[in-house]
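Analysis of the macromolecular model
Letter by letter, the chains look like this.
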Amino acid sequence: MFETINLRTGNRTELINITREISEVVEKSGIRNGIVTLFVPHTTAGITINENTDPDVIIDILKEINKLIPFEDSYKHLEGNSAAHIKSSLFGVSETIMVANNELLLGTWQGIFFCEFDGPRNRKVYVKIMGDSEA
Amino acid sequence: MFETINLRTGNRTELINITREISEVVEKSGIRNGIVTLFVPHTTAGITINENTDPDVIIDILKEINKLIPFEDSYKHLEGNSAAHIKSSLFGVSETIMVANNELLLGTWQGIFFCEFDGPRNRKVYVKIMGDSEA
Amino acid sequence: MFETINLRTGNRTELINITREISEVVEKSGIRNGIVTLFVPHTTAGITINENTDPDVIIDILKEINKLIPFEDSYKHLEGNSAAHIKSSLFGVSETIMVANNELLLGTWQGIFFCEFDGPRNRKVYVKIMGDSEA
């Protein structure tokens, strides 16, 4: 079971909640117990799991990471997006979550977020589910 | 094979060695060759693999990350734990380790650590093992 | 399917492109669809996926991370390589990538890099592939 989620980001840096889209792929797969692997095929984006309730958490994460890795810092790479590449390596481009009873096994306050660090752009997330279809 | 490890943290920030607990789940599973996925269902905690011998390494990691992401920095989130959420995204909440001959395939100096960034609290780690039971 | 890649690093900090070596393990495995897990069994190294074309990106990533986590910062650990341990936890030691049609499913600009943070040393990367051999 392999699927691609397409999304369009709207800002230079942005965290977009994609929990619902991933949940739908899990349900459609019919896999009852296993793992779902997410992979972002981009070098200026990432994926993370964090608070799904108060949007201020996401604002704080982005503000602090943008302060920690400044957009300009005498980088050599001429495209002007080295900061985005660095953030991508710190957040990472893959994530693995468990599936139990055909549902994503997230904590109560957890959501899955696509991390845009050099938008706006058209982006993709690969979703692969491995496991058993039987109860 | 799915199991939950429960733990109680004792400090605001703390790295707790859970290698023995994970090893025991691997042994009990009977899986000989495969992968074990660890997942922390919390948004102010994480998981990492690092030095298991000199406890000063863990002290240095925590001290430096707490300096890098200060507890207070004009964050918007009113619960006062934004720093913990940011550290969670940087360390990550999932980890995948190989299993060979029914043992965790860690390097000589590696241990698995639960990362508490907003304790003390009751915490969980999900453990899922996939692979073959035969030699 | 489990294999070990050996490499020799040449500098104190260095990102080494190991995409070709990993691709060869995938092809040799005969696995058509599944996931490949990479694991670095060291506590002063890591693994990341980033830009494979302009080498200046890698230079910028290393320069910025070495600035963010200074080599000396009154660390307690007496071996003098605490900065390397901290970078290892931030970059992470495991990575999961999808396999489709017996090929690594990387984005156009993505390469897999071994991260040396305390070289030069002899290093290893474990590669485990799980999935189906049939089309």
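Quick summary incoming for the structure in this document.

Structural notes on the side chain of T37 of chain C
Along the polypeptide, T37 of chain C turns up in strand 3 (residues 33–39). For T37 of chain C, a relative accessible area of 2% translates into the label buried. Setting aside residues up to four positions removed in sequence, T37 of chain C forms contacts with I35, T96 and M98 of chain B together with E95, T96, Y126, V127 and K128 of chain C.

Description of the relation of the copies chain C and chain B
Turning chain C through 120° and shifting it by 0.0 Å along the axis lays it on chain B, with an RMSD of 0.0 Å. Given the turn and translation reported, the copies of this chain are related as if by a three-fold rotation axis. Taking C-alpha positions as reference, the residue of chain C nearest the rotation axis is L90 of chain C, located at 3.5 Å.

Considerations on the sheet that holds strand 7 (residues 110–116) of chain C
Residues and elements named next belong to chain C. Strand order in this open sheet of three strands is 2-7-4, and the pairing throughout is antiparallel. Two strands lie at the open edges of the sheet, namely strand 2 (14–17) and strand 4 (45–51), each paired on one side alone. Strand-to-strand, the axes of this sheet are offset by a mean angle of 35°, without reference to chain direction. In terms of strand pairing, strand 2 meets strand 7 through four bridges, oriented antiparallel. Opposite L15, over in strand 7, you have C115 as the bridge partner.

Let's talk about the sheet that holds strand 1 (residues 2–8) of chain B
All names here are of chain B. The strand order across the open sheet built from five strands is 1-8-3-5-6, with neighbouring strands paired in antiparallel fashion. Pairing within the sheet leaves two strands with one partner each, and these edge strands are strand 1 and strand 6 (103–104). Strand direction decides the pairing type here: strand 3 (residues 33–39) and strand 8 (residues 122–132), joined by seven bridges, are antiparallel. Counted as the bridge partner of V36 is I129 from strand 8.

Here we look at the interface of chain C and chain A
Tallying the contact residues gives 31 residues for chain C and 31 residues for chain A. Linking chain C with chain A are two salt bridges, by the criterion used here. Here K67 of chain C ties to D73 of chain A by a salt bridge, and the two come within 2.5 Å at their closest N and O atoms. Taken together, chain C and chain A are joined by 12 residue pairs in polar contact (both at pLDDT 80 or more). Mapped onto the side of chain C that touches chain A, the elements with two or more residues apiece are strand 3, strand 4, helix 2 (55–68), helix 3 (82–91), strand 5 (94–100) and strand 8 (122–132) of chain C. For the side of chain C that touches chain A, the element with the highest residue contribution is helix 2 of chain C, accounting for 10 residues. When its residues are assigned to classes, the side of chain C that touches chain A shows 15 nonpolar, eight polar and eight charged.

Things to note about the pattern of salt bridges
Counting across every chain of the model gives 18 salt bridges over all chains. Measuring nitrogen to oxygen at the nearest pair gives 3.6 Å for the salt bridge that ties K76 of chain A to D56 of chain C. Separated into two different chains, K76 of chain A in the loop between helix 2 (55–68) and helix 3 (82–91) and D56 of chain C in helix 2 make up a pair that spans both. The class of D56 of chain C is buried, set by a relative accessible area of 18%.

As for the side chain of T13 of chain C
Considering the arrangement of structural elements, one finds T13 of chain C in the loop between strand 1 (2–8) and strand 2. Side-chain polar atoms of T13 of chain C contact the side chain of N66 of chain C, separated by 3.1 Å.

Section: helix 3 of chain C
Within helix 3 of chain C, 10 of the 10 residues are buried, which leaves the element mostly enclosed by the surrounding structure. Directly beyond the C-terminal end of helix 3 of chain C, a positive phi value near 90° is found at G92 of chain C.

Describing the pairing of strand 8 of chain C
Pairing geometry for strand 1 of chain C and strand 8 of chain C, over seven bridges, is antiparallel. If you follow N6 of chain C over to strand 8 of chain C, its bridge partner there is K124 of chain C.

Some details on the relation of the copies chain C and chain A
Taken together, a rotation about one axis and a shift along it account for how the two chain copies relate. Of the transformation superimposing chain C on chain A, the axial component is 0.0 Å and the angular component is 120°, with the fit at an RMSD of 0.0 Å. Residue by residue, only 16% of the interface of chain C is reproduced at the interface of chain A, so the copies engage with different surfaces.

A short note on empty space enclosed by the protein
Scanning all chains against the criterion turns up three cavities of 30 Å³ or more. Space inside the largest cavity adds up to approximately 390 Å³. Around the largest cavity, the lining comprises 36 residues; the ones closest to its centre are F91 and S94 of chain A, S94 of chain B together with F91 and S94 of chain C. Approximately 40 Å³ is the volume found for the second largest cavity. R12, F71, G80, N81, S82, A83, A84, F117 and D118 of chain B are the residues that line the second largest cavity.

Rules of the game
- Residues numbered from 1 in each chain as written.
- Chains lettered and ligands numbered in written order.
- Predicted model: local features only at pLDDT ≥ 70, side-chain atom pairs only at ≥ 80, totals over all residues.
- Heavy atoms only, no water.
- Helix = DSSP H or I, 4+ residues; strand = E, 2+ residues; numbered from the N terminus.
- Buried < 20%, exposed > 50% of the residue type's maximum accessible area, 1.4 Å probe, protein only.
- Contact = heavy atoms within 4.5 Å.
- Least-squares fit on C-alpha atoms with pLDDT ≥ 70 in both.
- Pairing = 2+ DSSP bridges.
- Axes fitted to C-alpha atoms, helices over the stretch in contact; angles between N-to-C directions.
- Salt bridge = Lys/Arg side-chain N within 4 Å of Asp/Glu carboxyl O.
- Polar contact = N/O pair within 3.5 Å; in protein donor to acceptor, adjacent residues only side chain to side chain.
- Nonpolar A, V, L, I, M, F, W, Y, C, P; charged D, E, K, R; others polar.
- 1 Å grid on protein atoms, 1.4 Å probe; cavity = no way out; pocket = protein on both sides within 12 Å on 5 of 7 lines; lining within 4 Å.
- Points joined across faces, edges and corners; volume = space filled by probe spheres on them.

The values reported here are purely geometric and, on their own, carry no functional implication.
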